[in-house]
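Observations on chain architecture
Residue-level listing of the chains:
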Amino acid sequence: MTRAAVIGGGLAGITAAIGLADAGCDVTLLERQAHLGGLTHSFERDGMWVDNGQHVFLRCCTAYRSLLQRLAVAHLVTMQDRLDIPMRSGRRATTGHLRRNGLPAPMHLAGSLARHPWLPVPDRVRAGRIALALAAVDTASAASDETSFGDWLDAHHCSRRLRENLWDVVGLATLNVHADECSLALAATVFQLGLLTDRTAGDIGWSDVPLSQLHGDAAVRALGAAGAEVRVRAKVERVTPASGRWVVRADGVDTEYDQAVLAVPPDVTERLAPWADLGAGPGYAARLGSSPIVNLHVLLDRVVLDTPFVVALDSPLQWVFDRTGQSGVRRGQYLAVSLSGADEDLPRTAAQLREIYLPELRRLLPMMDSAHVLDFFVTREPRATFRATPGTAAYRPTQRTGHVGLAVAGAWTATGWPATMEGAVRSGRDAAAALLQETRRSPRDEVAA
């Protein structure tokens, strides 16, 4: 039986471990933290469950949804019947929706665009033309990857207001960088997959339970049932090749495996296996960079938001989520504010963030005027995603490495997606597939290769 080590217990590692275990491998999953789930985990605070970040998915996230099925937790999520993004202005008493109709893509958004309350008529017409041009972008070309999305929008005469009130609604939350700093190829990928090719693709889903219950806890059960060993609080120090096998040093002990998957961030991958040939060149982790997300958590004594989430326009706020039910809060309301591309907010203290954003939240949600803030705290992910800048593709290796028996995984690898839960799951799936393909090769095939 093939012995395989999977290092890293995030979504990529979970998926790789399950794929190998389901194929009959003897799998050990090693995770440094006390829990699985990586960047999608929860913690308890004063009797309420708090997700470290706000994660939604789309109907087009087929690999992620398949993982939920495999973990037997698909019933613990909600999926919209039809895309509907509520939007409110932080400066004017205006509300609206980005909502699809029953027409084929991209006409499924035409009615919503025609009624967009924040855009003048010329911008609405221009938005349709830009959407058609965006649908035609070759996302696989180096030229697209090396072009800034902001520059591309400027070349297509996109006004600042059109950018902020339409393209940033989806782009910033998904890509975690502002348009001026974003790769056109990655931006076009997001809009093509989510909004411009299939009318149902952009329907939004979210967890009805804490993320640790949806991912980490369920993965421990599924892996155990598949015969895999899960080791948490396992400190992996290095991975080295040895006579056609792989030696993983964890907690001061060396263990040999036939195969290994490095499902950890790029800087950790580079540290654990500095000798590895990933085809991305030396220093790939630093070149990929990182982009932060800051989350504000606000506990109120009453309900002030009557939708599962809302997007803020004319405001430094971005997406605001009602997480009351998921957290176990029984009175009042618990709101979570997700701030993507949060370079400026990352170094600010909780007091500074409260001073900046609570007034903005009151402007966005007028019912907050009569509400009392019971608690306000902040969670930060300084390296939430790789930085999706122009030229990024050159530093995203495939899951198959230049070494037999070694694969890499993570949303930062080449998946055809930006750094999302879907990208992470796809990477883990493809890493396992690459190793399983190697085990099926005959000696003659090996020699011929």
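Residues numbered from 1 in each chain as written. Predicted model: local features only at pLDDT ≥ 70, side-chain atom pairs only at ≥ 80, totals over all residues. Heavy atoms only, no water.

1. Quick word on the side chain of Ser148
As for its placement among the helices and strands, Ser148 is situated in the loop between α5 (142–145) and α6 (149–155). Relative accessible area serves as the criterion here: at 7%, Ser148 is assigned to the buried category. For Ser148, the side chain forms a polar contact with the main-chain nitrogen of Gly150, separated by 3.1 Å. Sequence-distant contacts of Ser148, that is, excluding residues within four places in its chain, are made with Ala179, Asp180, Cys182, Leu184 and Pro390. (Helix = DSSP H or I, 4+ residues; strand = E, 2+ residues; numbered from the N terminus. Buried < 20%, exposed > 50% of the residue type's maximum accessible area, 1.4 Å probe, protein only. Polar contact = N/O pair within 3.5 Å; in protein donor to acceptor, adjacent residues only side chain to side chain. Contact = heavy atoms within 4.5 Å.)

2. Observations regarding the sheet that holds strand β6 (residues 77–79)
Taken together, the three strands give an open sheet; going across it, the order is β5-β9-β6, and neighbouring strands pair in antiparallel fashion. Looking at strand neighbours, the two that pair on one side only are β5 (56–58) and β6, the edges of this open sheet. The mean inter-strand angle of the sheet, taken between neighbouring strand axes irrespective of direction, is 25°. With three bridges connecting them, β5 and strand β9 (residues 204–207) associate as antiparallel partners. Each bridged residue has a counterpart across the sheet, and for Leu58 the counterpart in β9 is Ile204. (Pairing = 2+ DSSP bridges. Axes fitted to C-alpha atoms, helices over the stretch in contact; angles between N-to-C directions.)

3. Digging into the nonpolar core
Membership of the largest hydrophobic core comes to 116 residues, with the highest contact counts inside it found for Leu20, Ile85, Leu134, Phe149, Trp167 and Val261. Filtering out sequence-adjacent residues up to four positions away, Leu20 remains in contact with Ala4, Val6, Cys25, Val27, Gln259, Val261, Ala432, Leu435 and Leu436. (Core = buried A, V, L, I, M, F, W, Y, C linked by side-chain atoms within 4.5 Å.)

4. Here's the deal with the UniProt feature "domain: Amine oxidase" (unreviewed entry) in the protein
In this structure's numbering, the residues bearing the UniProt feature "domain: Amine oxidase" (unreviewed entry) are residues 11–436. For residues 11–436, the helix share is 34%, the strand share is 24%, and the end-to-end C-alpha distance is 19 Å. (UniProt positions renumbered as here; feature names shortened; annotations may be inferred.)

5. Some details on the pattern of salt bridges
The full count for this structure, using the stated rule, is 27 salt bridges. Between Arg126 and Asp123 there is a salt bridge, and its shortest N-O distance comes to 3.0 Å. Of the two residues, Arg126 and Asp123 are both situated in helix α4 (residues 121–135); the distance of three residues between them amounts to about one turn of the helix. Asp123 gets classed as buried once you look at its relative accessible area, which sits at 6%. Each of the salt bridges in this network shares a partner with another, and the network as a whole consists of Arg59, Arg100 and Asp203. (Salt bridge = Lys/Arg side-chain N within 4 Å of Asp/Glu carboxyl O.)

6. Some details on the sheet that holds strand β13 (residues 253–257)
Taken together, the three strands give an open sheet; going across it, the order is β11-β12-β13, and neighbouring strands pair in antiparallel fashion. This sheet does not close on itself; its edge strands, each paired only once, are β11 (236–242) and β13. Each adjacent strand pair in this sheet contributes to an overall mean axis angle of 25°, direction not counted. Examined bridge by bridge, β11 and strand β12 (residues 245–250) share six bridges and lie antiparallel to one another. Considered in β12, the bridge of Ala242 is made with Arg245.

7. Regarding the domain arrangement of the protein
Annotation of the protein at the domain level lists domain 1 (3–41 + 211–288 + 389–440), domain 2 (84–196) and domain 3 (290–386). For domain 1 versus domain 2, the separation of C-alpha centres amounts to 34 Å. At the junction of the two partners, domain 1 supplies 10 residues and domain 2 supplies 13 residues. Carbon and sulfur atoms make up 70% of the area that domain 1 and domain 2 hide from each other, which totals about 790 Å². (Domains from an automatic or database assignment. Buried area = accessible area lost by both parts, 1.4 Å probe.)

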